[in-house]
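# A look at the structure
Chain by chain, the residues:
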Amino acid sequence: MKMEIDCRDLSVREINRTIKEAVKNGEKRIVLLNPGAKHYLAAGVVGDVEIIVKGSAGYFAGTMIHGVRMIIEKNAGWFAGDNMTDGYIEIQGTAGDGVGQGIYGGTIVVRGNAGARTGEIMKNGTIIIGGNSDFMTGLYMMGGRMIVLGNLRGMAGESIVRGAIYFKGEVDSLGKNAKIVEIDEQDEEWLKEILKAHDFPAFTEKFRKIVPIKKRFVYGSAPSEEG
Amino acid sequence: MCGIVGILSKEKRDDLGAIVIEMMNRLQHRGRDGAGVALYGGLDLKENEYLMRVEIQGEEEDRKELIDAVQELANHYGSVKSIQNIVEAEDYYITDFLVDKMDFKRLKKLALEVQGIENVAVLSAGKFEMFKDVGTINQVDSIYRVSEKSGTHAIGHIRFSTESGVDRYHAHPFQSFLYPDITVVHNGQITNYWNTRKKLEAKGHYFTTDNDTECIVHYIADKLLEGYKLEEALESAVRDLDGPFAFIIATPDEIGVAKDKLGLRPAMVAEGDGIFAISSEEVALEPLGLETEYLAPGDFRVYRK
């Protein structure tokens, strides 16, 4: 089954109500035509469904989804996948700030660059950025794993307490409580597998990872790598 | 929250006003306190002609006297070619004075003197047009018919007021008389506003409101006056101004955008087919069908005609 929704003249509320009704009726594939970078597309959708966005999505695309496979064929605005609990979001263009903020599970793939604060307070799940990730990637990260194939801008891993940011490029600067370590064999195996699964070159050379210096600290008193 | 837009076309376009209004309509969710547009390149003024847009308040009899007073001042600095009330409300007019035999230095003096007349406020003065008021962009458009205007470039603002009063004077854009035809729209807060203002006032500059955005336009104008290029002025602004911000600056033939160091306010740009556009959100750029790009924290761009 495949259903198409022309978003051009619909409000976000009408679009999301139509999606939820269709999922309830067992629809497995929904195509959103003329999305027009509207905000909150597919927010709060729960179910085994694929949603294809034929263009750009605005803020909070796929926020709080569970089990949904969402493909955004162009860009996504701030906070794509915010607080998702399970499922898959693929952004084929670039992502704005805060992609994957607070996610509890699932996978987010950004083929292009991501904005500032990628994976802010993420708790679990995986985020893969094909390009660069901007300022304060992994801010207050509490779990899960992030992979950045390009560069990380300033204050990467600021106040990270759990989880890891795997990266291949350069790091402008590290945040407090963040340190860079070499990857081990287990990491390497996992990286190869996940990169291949998501159609990225599975070369693990040059990969390093950012992890917390201390796993528990009081916010505001985080140690820096220099001590 | 506030929403900002900017657009620059290499050629004059009859639909520029309509495009700006469409872009701003798509950002209406960011605030309903006020809206405004500065539109350039649509007036076809001669070299020594300038437009001064003035708000005149009071009883009808008093307003007529005030128009005479403004005219007398304008004739002192130049020569009034025409006077037109573009808005006639119950207790105020918005009146355009087209003044000939002028240059920018004299226009600045005239604007500051007119500003000093009780019940009179200068809304803009230069070779561009400013349309700003309280309410939504559709309300502003219905008063000023911005969507029927032509031009080469424009900046616009949707206001959710977090700083200073909700009235016509605190709506964006803001103009600076330090430099010809320079205006700004802004989303965010300038947390070192007072210190920045003090420094600019010490250089003799005059503030007309207590809105933090006003200090941005004077700051940039001050840099341009010192001989910096707009790119250099924006780079310096990103370094010197504190707080979360994204702002768009317009000059007679440029628009520039800058974003704060921490990336706390959104801004993106689009480019193609002789058009450059800027917005808080992609949703406003979508009708242009151009390739879009997010600005990184601390990033700035300048587009020229």
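Overview of the structure. (Residues numbered from 1 in each chain as written. Chains lettered and ligands numbered in written order. Predicted model: local features only at pLDDT ≥ 70, side-chain atom pairs only at ≥ 80, totals over all residues. Heavy atoms only, no water.)

## A short note on helix α2 (residues 60–77) of chain B
Residue and element names in this part refer to chain B.
- For α2, spanning 18 residues, the distance from its first C-alpha to its last is 26 Å, which sits close to the expected 26 Å at 1.5 Å a residue.
- Inspection of α2 places R63, L66, I67, V70, L73, A74 and Y77 among the buried residues, and these make up the whole buried set. Buried residues along α2 cover an arc of 125° about the axis, so they all sit on one side. Facing away from the buried side of α2, by more than 90 degrees, are the exposed residues E61, E65, E72 and H76.
- The inward-facing, buried residues of α2 abut β3 (50–57), β4 (79–88), β5 (92–100), α3 (104–115) and β6 (120–126). (Helix = DSSP H or I, 4+ residues; strand = E, 2+ residues; numbered from the N terminus. Expected span 1.5 Å × (residues − 1). Buried < 20%, exposed > 50% of the residue type's maximum accessible area, 1.4 Å probe, protein only. Arc of directions from axis to C-beta. Contact = heavy atoms within 4.5 Å.)

## Examining the environment of R265(B)
- Considering the arrangement of structural elements, one finds R265(B) in the loop between β12 (254–259) and β13 (268–272).
- As a C-alpha pair, R265(B) and A246(B) span 19 residues in sequence and 5.7 Å in three-dimensional space.
- Each residue touching R265(B), except ones within four places of it in the same chain, is listed here: W78(A), N187(B), G188(B), Q189(B), P244(B), F245(B), A246(B), K259(B) and D260(B).
- At a separation of 3.3 Å, a polar atom in the side chain of R265(B) contacts the side chain of Q189(B). (Polar contact = N/O pair within 3.5 Å; in protein donor to acceptor, adjacent residues only side chain to side chain.)

## Side note on the sheet that holds β3(B)
All names here are of chain B.
- Strand order in the open sheet made by the 4 strands is β4-β5-β3-β6, with antiparallel pairing throughout. Either end of the sheet is taken by a strand with one partner, and the two such strands are β4 and β6. Each adjacent strand pair in this sheet contributes to an overall mean axis angle of 20°, direction not counted.
- Relative to β5, β3 is paired through 8 bridges, and the arrangement is antiparallel. Counterpart to I56 in the pairing with β5 is Y93.
- Sheet strands in contact with α2 are β3, β4, β5 and β6, and its direction is about 20° off that of β5.
- On the sheet, α3 packs against β3 and β6 and is oriented at approximately 165° with respect to β6. (Pairing = 2+ DSSP bridges. Axes fitted to C-alpha atoms, helices over the stretch in contact; angles between N-to-C directions.)

## What about the interface of chain B and chain A?
- Chain B puts 21 residues into the contact, and the matching count from chain A is 20 residues.
- Between chain B and chain A the total buried area reaches about 1,400 Å² when both faces are included, carbon and sulfur atoms providing 53% of it.
- Among the residues chain B hides against chain A, the three largest losses belong to E282(B), Y294(B) and P297(B). Together they make up 37% of the total.
- Applying the counting rule to chain B against chain A returns 1 salt bridge.
- Salt-bridge contacts for D97(A) lead to K259(B); the nearest nitrogen and oxygen are separated by 3.8 Å.
- Mapped onto the side of chain B that touches chain A, the elements with two or more residues apiece are α8 (282–285) and β15 (291–294) of chain B.
- The dominant element in the side of chain B that touches chain A, judged by the number of residues it contributes, is β15(B), at 3 residues.
- Of the residues that constitute the side of chain B that touches chain A, the class distribution is 8 nonpolar, 4 polar and 9 charged. (Buried area = accessible area lost by both parts, 1.4 Å probe. Salt bridge = Lys/Arg side-chain N within 4 Å of Asp/Glu carboxyl O. Nonpolar A, V, L, I, M, F, W, Y, C, P; charged D, E, K, R; others polar.)

## Topic: the pattern of salt bridges
- Inspection of the entire model under this criterion finds 34 salt bridges over all chains.
- In this structure, K192(A) and E188(A) form a salt bridge, with 4.0 Å as the shortest nitrogen-oxygen distance. Residue K192(A) and its partner E188(A) are both found in helix α2 (residues 185–197); the two are separated by 4 residues, about one turn of the helix.
- The partner of E55(B) in a salt bridge is R168(B), with the nearest N and O atoms 2.0 Å apart. Separated by 113 residues along the polypeptide, E55(B) in strand β3 and R168(B) in the loop between β8 (151–159) and β9 (174–176) bring together distant segments of the chain. Comparing E55(B) with R168(B), the two get one shared label, buried.

## A few points about the pairing of strand β2 (residues 29–33) of chain A
Residues and elements named next belong to chain A.
- Sheet topology places strand β1 (residues 3–6) next to β2; 4 bridges connect them, and they run parallel. By the bridge assignment, I5 is partnered in β2 with L32.
- Remark: the β1/helix α1 (residues 12–24)/β2 crossover connection has right-handed handedness.
- Pairing of β2 with strand β3 (residues 50–53), which is carried by 4 bridges, proceeds in the parallel orientation. If you follow V31 over to β3, its bridge partner there is I52. (Right-handed = clockwise from strand over helix to strand, strands pointing away.)

## Considering the state of the cysteines
Residue and element names in this part refer to chain B.
- Per the stated rule, a full pass over the model turns up 0 disulfides over all chains.
- Here C2 is not disulfide-linked; the sulfur of C215 is the nearest cysteine sulfur, at 15 Å.
- A relative accessible area of 7% places C2 in the buried class.
- C215 gets classed as buried once you look at its relative accessible area, which sits at 0%. (Disulfide = S-S within 2.5 Å.)

## Describing the layout of surface pockets
Residue and element names in this part refer to chain B.
- The computed volume of the largest pocket comes to approximately 340 Å³.
- Lining the largest pocket are 23 residues, and of these Q115, V122, F177, T208 and E214 lie nearest its centre.
- Contributing elements (two or more residues each) for the lining of the largest pocket: α3, β6, β7 (129–134), β9 and α6 (212–225).
- Across the lining of the largest pocket, the residue classes tally to 11 nonpolar, 9 polar and 3 charged. (1 Å grid on protein atoms, 1.4 Å probe; cavity = no way out; pocket = protein on both sides within 12 Å on 5 of 7 lines; lining within 4 Å. Points joined across faces, edges and corners; volume = space filled by probe spheres on them.)

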